[in-house]
Amino acid sequence: MRPDEMLKLDKELESHHQKAAKSLVSSLDSHEPSLEWRSSLNARLQAAGKVKKRRAWLAWTTAVAAPAAAVAAFVIFFGASEPSQGVVAETSVAADTSIEDELYTHYMASDSRMALGLDMPHEPGEFDWSSIDGL
Amino acid sequence: MKDRRYGPKMSQIAGADALSARKRFDDAAEKVLLEQCRRQDYEAFSKIVDAYQARVMGFVRRMLRSEEEARDVTQEVFIKAFQAMGRFDGRSSLRTWLFRIAHNLCIDRARKAQRSLTTVSLEPTEDGDSAFDVPDERWSPQEMVLTQELKDIVEDAIASMSTKLRTVLILHDQEDMGYEEIAAAVDVPVGTVKSRLFLARAHIKKHASEYLDQQVKN
């Protein structure tokens, strides 16, 4: 709207007819609400307040509980699996040293005895019946 | 419109005058109240409801056609305000904000009901509504006897104009809001507010003049 149009409109709004219409509108009855209406509003406001508090509580609990649960799950999962891995490792290490070394030692000893002619090598397919007798 | 009773009025109940009084808070008092309301202080918000319930209901009642709907929407205005108080930044006044919520809710209701609210065309004409500029001796606020019948005529005239015109007319002439305040509430330029107000008043004048003419003939 141009400034001159605005000025013209301002003048029109201050005219006698426009003021008369204004006075008619301003003299209309007001709409006072009833006590029943207000009681109903109070009930709705309190319900809305409770819902908001519940939502805030839920949001707060989620914000706190979710990271806590994640941390707990991490600790349980990784904290529990690490010691068991350690035990397995120790066992395997112990097994490596005892059984393999023993077999290797036994093999080397029997090989040396055969090399020195103290033991005769077993023929493949020949069954050692003495092993049964010894049982 | 003919019957505007909502059960027993607050003003008819002893000790309820303070509740129904149209209070205006000064800026400092309003800031304190708003701060309390942001902390979901129910008592503080009740004071705001006390001060604005009649104004908001008056506006909503004239914007919607059903009394039942008007009561429901007015409650919704305050519930929305209570819930959104934390987001109210205070750039506009509390009154402007409340009427903005009320205006938006009324528009939503009208859209949902798919009503054709524009019943009269009041676009500015080339001759500038010169018909309303004709001097009329009866058309004087001092001379006019505001009978209930004339009030009903005015109410009907308000109901028959478009929502856009009605909003501006009620906010300015009933609620004494300034042009800038209305522009902020309705989200239109100040010039638009003025032109809508002019057209709305012209519509009132037209209806009232018809009534007055009939009175003279009778």
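This one's a predicted model, so the numbers in the text were calculated from it and none came from an experiment.

The subject of this paragraph is the overall build of chain B. A count of helices and strands for chain B gives nine helices and zero strands. Each helix and strand of chain B, placed in order from N terminus to C terminus, yields the pattern α-α-α-α-α-α-α-α-α. Taking all 218 residues of chain B together, 35% fall into the buried category. A fraction of 71% describes how many contacts in chain B between residues 6 or more apart in sequence connect residues 24 or more apart.

What follows covers the overall build of chain A. Each helix and strand counted, chain A has four helices and zero strands in total. Helices and strands appear in chain A in the N-to-C order α-α-α-α. Residue burial in chain A is summarised as follows: out of 135 residues, 10% are buried.

All names here are of chain B. Confidence in the prediction of chain B, expressed as mean pLDDT, is 79, and 73% of residues score 70 or more. Looking over chain B, one finds the lowest element-wise mean pLDDT in helix 1 (residues 17–20), namely 40, and the highest in helix 7 (residues 163–174), namely 95. Taken as a whole, residues 1–21 scores under 50 in pLDDT and shows 33 contacts with residues more than four places along the chain or in a different chain. Note on residues 116–134: pLDDT is under 50 here. Beyond four places in sequence and across chains, it has 21 contacts. For this predicted complex, the interface confidence reaches an ipTM of 0.71, while the overall pTM sits at 0.64.

For the rest of this paragraph, the subject is the packing of helix 4 (residues 67–84) of chain B against helix 5 (residues 94–112) of chain B. All names here are of chain B. Viewed as axis vectors pointing N to C, helix 4 and helix 5 meet at an angle of 135°, and their least axial separation amounts to 9 Å. In terms of axis orientation, helix 4 runs oblique to helix 5. Note on packing geometry: the crossing formed by helix 4 with helix 5 is right-handed. On helix 5, the residues that touch E69, V73, E76, V77, K80 and A81 of helix 4 are L98, I101, A102, L105, C106 and R109. Here the residues of the contact of helix 4 with helix 5 are counted per class, giving eight nonpolar, no polar and four charged.

This next bit is on the packing of helix 2 (residues 16–26) of chain A against helix 7 of chain B. Contact geometry for helix 2 of chain A and helix 7 of chain B: axes closest at 9 Å, N-to-C directions at 85°. Taken together, the axes of helix 2 of chain A and helix 7 of chain B lie roughly perpendicular to each other. Contacts between helix 2 of chain A and helix 7 of chain B involve A:K22, A:V25 and A:S26 on the former and, on the latter, B:L169, B:D173 and B:Q174. Classifying every residue of the contact of helix 2 of chain A with helix 7 of chain B by side-chain character gives two nonpolar, two polar and two charged.

What counts as what
- Once a new chain begins, its residue numbering starts again from 1 and follows that chain's sequence as written.
- Lettering of chains starts at A and numbering of ligands starts at 1, both following the order in which they are written.
- Where totals are concerned, whole chains, interfaces and linings use all residues; where local detail is concerned, this predicted model gives features only for residues with pLDDT of at least 70, and gives and counts side-chain atom pairs only at 80 or more.
- Per the convention used, a helix needs a DSSP run of H or I reaching at least four residues, while a strand needs a run of E reaching at least two, with both numbered from the N terminus.
- Backbone-placed C-beta atoms define the burial measure: a residue is buried with 20 or more other C-beta atoms within 10 Å of its own, exposed with 12 or fewer, and partly exposed in between.
- With C-beta atoms placed from the backbone, a contact is any residue pair whose C-beta atoms sit within 7 Å.
- What pLDDT expresses is the predictor's confidence in each residue, scored from 0 to 100.
- Axis lines are fitted through C-alpha atoms, for helices just across the contact stretch, and the angle between N-to-C directions can take any value from 0 to 180 degrees.
- We call two directions roughly parallel when the angle between them is under 35 degrees, roughly antiparallel when it is over 145, roughly perpendicular when it lies between 65 and 115, and oblique otherwise.
- In this scheme, a crossing is called left-handed if the near helix is turned counterclockwise away from the far one by less than a right angle; it is called right-handed if the turn is clockwise.
- Ten residues, namely Ala, Val, Leu, Ile, Met, Phe, Trp, Tyr, Cys and Pro, are considered nonpolar, four, namely Asp, Glu, Lys and Arg, are considered charged, and the remaining ones, Gly among them, are considered polar.

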